[in-house]
Every structure is written in structure tokens, then in C-alpha cells.
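So you can see what is in the structure, the chains are spelled out below.
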Amino acid sequence: NAGVTQTPKFQVLKTGQSMTLQCAQDMNHNSMYWYRQDPGMGLRLIYYSASEGTTDKGEVPNGYNVSRLNKREFSLRLESAAPSQTSVYFCASSEGWTSGRGRETQYFGPGTRLLVL
Amino acid sequence: AQSVAQPEDQVNVAEGNPLTVKCTYSVSGNPYLFWYVQYPNRGLQFLLKYITGDNLVKGSYGFEAEFNKSQTSFHLKKPSALVSDSALYFCAVSPYTGGFKTIFGAGTRLFVKA
């Protein structure tokens, strides 16, 4: 049981390049999330997927797109990277079954460090 | 606007002493409250959460948190700190009407000195 896995662990991009961050969970969770972590700002939600087949914007969606490929996988795409997108990106998942749907404990992956030059 | 505040960037405590990491929030309704811990180069790990009921919540690794509705606070505590507790701690709030949009504080770095 690997939990939440993310690839790659580290990436360097040039301004304008594109890339996709991959995330997978093996806990049969319905809900998945993408966050970015910047110093002194905590985690900010980029996009989330309440359940397979749905995606919604979070607090900072500009410059990103997501795909919920299936129940296990949720990818984050940067179409044209900018230096402001230099950050650590975390994927998370939660059960999504309970009456507190969306307010459950989240399980996080190890993160992807992205540097945009 | 809904927000979570962790007023201390860093907390320093000697091993064996009690520790407190502070959190206050400004959210309407009855939110769910969480504490997560992040060790270097790792993702966040769940410590504990408050939904309803007893104001003192016990969690992993001997941590507990006290919910105070009148002060809108949810401070993290531990009676006796360990060097291994040194990490970055995040308070998080899921608003009652906020759906999936959990709000995280900026984090407090805990440093426990031997």
C-alpha cells in the first residue's frame, strides 16, 4: 500500500515549457487535490476532483489544468510555465464517502519540487 | 474573508518541556479543524482533527489540541517535547459550507533542543 505517489520528484523548466505532474493513490479514495506550497503561505488549493469525472477550481487555478484520468490518477498540467510557478506541488486524496465529504482527513504525496527559470 | 492564522513562525522549546503551537481561525459556522505535520522533504501527515464534542482532541505521537469556540482557537499541545518532534506544523480549517476548500495556515516551525 503505497498511499499517494507523485512523479517526478524534482523538475527544472524554462519559461514557456510545458509539463505534467502525475499523481496516483491506491486507497480507493474518491476525492483528490492539487496544492502548491510557497514559503510563508501554507498550502493553497489549485484544483480538486470531488469524484471521478469531476474537477473544480481551487484558490489559485490560473496557469494550470487538471485531468482526473480515472479513480486512481489525477494529473496537473502547466501549459506554459512561468517563474511564478516555481513551488513545491503536493497531491492529496480523501475518502469522499462520508457525510463530511470534502472535509475529511487528507493524505498527501511526497511532493514535486518545480523550478522555472 | 475566511482565514487561518498561525501567529508564530517558529517555536523553540527544550526537550522534556511542554509545547504549544497556536492557531486561530476566522470561519463562519462550525468548521472541521485539523493539524498536520511536515517533516523535511516529505508530504504533510495527519495528526488530529476536531469535528464536534469534547474540546480536547488527542492525536498521534502524544499530541493533543484544545478547541476554544469563544476564542476561535485550536492550539496544538504536547506535555513533553521530543527532539524528533522538530518539524513544520500546519493548522487547517474546512468550513462548513466550504465544500472541498480546506484553508491552511502558513505553518509554524517547531524546534526542540536537546
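Predicted, not measured: the structure shown is a model, and the values here were computed from it.

(A) Focus on the interface of chain A and chain B. With 24 residues of chain A in contact, the opposing surface of chain B contributes 24 residues. Summed over both partners, the interface of chain A with chain B comes to about 1,900 Å²; 57% of that surface belongs to carbon and sulfur atoms. Contact with chain B buries surface across chain A, with R103, T105 and F108 of chain A losing the most and accounting together for 35% of the total. Counting across the interface, chain A meets chain B through four residue pairs in polar contact (both at pLDDT 80 or more). Ranked by residues supplied to the side of chain A that touches chain B, first place goes to strand β4 (residues 31-37) of chain A with four residues. Of the residues contributing to the side of chain A that touches chain B, the split by class is ten nonpolar, nine polar and five charged.

(B) Local environment of the environment of G63 of chain A. Residue and element names in this part refer to chain A. Take G63: it is sitting in the loop between β6 (56-57) and β7 (64-68). C-alpha separation for the pair G63 and Q85, spaced 22 residues apart in sequence, amounts to 8.4 Å. Contact partners of G63, with chain neighbours within four places excluded, come to R77, L78, E79 and Q85.

(C) Geometry of the side chain of Q25 of chain A. All names here are of chain A. Note that Q25 resides in strand β3 (residues 19-25). Residue Q25 is classed as buried on the basis of its relative accessible area of 1%. At 3.0 Å, the side chain of Q25 and the backbone nitrogen of M27 are in polar contact. Excluding residues that lie within four positions of it along the chain, Q25 makes contacts with G3, V4, M32, R68, K71, R72 and S93.

(D) Representation of the state of the cysteines within the structure. All names here are of chain A. Evaluation of the coordinates by the stated rule reveals two disulfides over all chains. What pairs with C23 in a disulfide is C91, and their sulfur atoms sit 1.9 Å apart. The disulfide joining C23 to C91 has a torsion of about -70° about its S-S bond and is therefore left-handed. Here C23, found in strand β3, pairs with C91, found in strand β9 (residues 87-94); they are 68 residues apart in sequence, far enough to count as distant. Each of the two residues, C23 as well as C91, counts as buried.

(E) Expanded view of the pairing of strand β11 (residues 112-116) of chain A. Residues and elements named next belong to chain A. Because side chains alternate across β11, one face comprises the buried residues T112, L114 and V116, and the other comprises R113 and L115, none of which is buried. Summarising the sheet, strand β2 (residues 10-13) and β11 pair through four bridges and their orientation is parallel. Each bridged residue has a counterpart across the sheet, and for V12 the counterpart in β11 is L115. The pairing of β9 with β11 spans three bridges and is antiparallel. Along β11, the bridge assignment pairs V88 with R113.

(F) Structural detail: a nonpolar patch on the surface. A contiguous nonpolar patch, built from F10, V12, L115 and L117 of chain A and spanning about 370 Å² of accessible area, is present on the exposed surface. Here V12 of chain A lies in strand β2.

(G) Molecular detail of the side chain of T105 of chain A. Examined against the element boundaries, T105 of chain A turns out to sit in the loop between β9 and β10 (107-108). Residues within four places of T105 of chain A in sequence aside, it is in contact with S93 and S94 of chain A together with F34, Y36, F46 and K49 of chain B.

What counts, and where the lines are drawn
- Residues numbered from 1 in each chain as written.
- Chains lettered and ligands numbered in written order.
- Predicted model: local features only at pLDDT ≥ 70, side-chain atom pairs only at ≥ 80, totals over all residues.
- Heavy atoms only, no water.
- Contact = heavy atoms within 4.5 Å.
- Buried area = accessible area lost by both parts, 1.4 Å probe.
- Polar contact = N/O pair within 3.5 Å; in protein donor to acceptor, adjacent residues only side chain to side chain.
- Helix = DSSP H or I, 4+ residues; strand = E, 2+ residues; numbered from the N terminus.
- Nonpolar A, V, L, I, M, F, W, Y, C, P; charged D, E, K, R; others polar.
- Buried < 20%, exposed > 50% of the residue type's maximum accessible area, 1.4 Å probe, protein only.
- Disulfide = S-S within 2.5 Å.
- Pairing = 2+ DSSP bridges.
- Patch = residues over 30% accessible without salt bridge, like charges linked within 9 Å, V, L, I, M, F, W, Y side chains within 5 Å.
- Areas by Shrake-Rupley, 256 points an atom, 1.4 Å probe, with all protein chains shown as cover.
- Salt bridge = Lys/Arg side-chain N within 4 Å of Asp/Glu carboxyl O.

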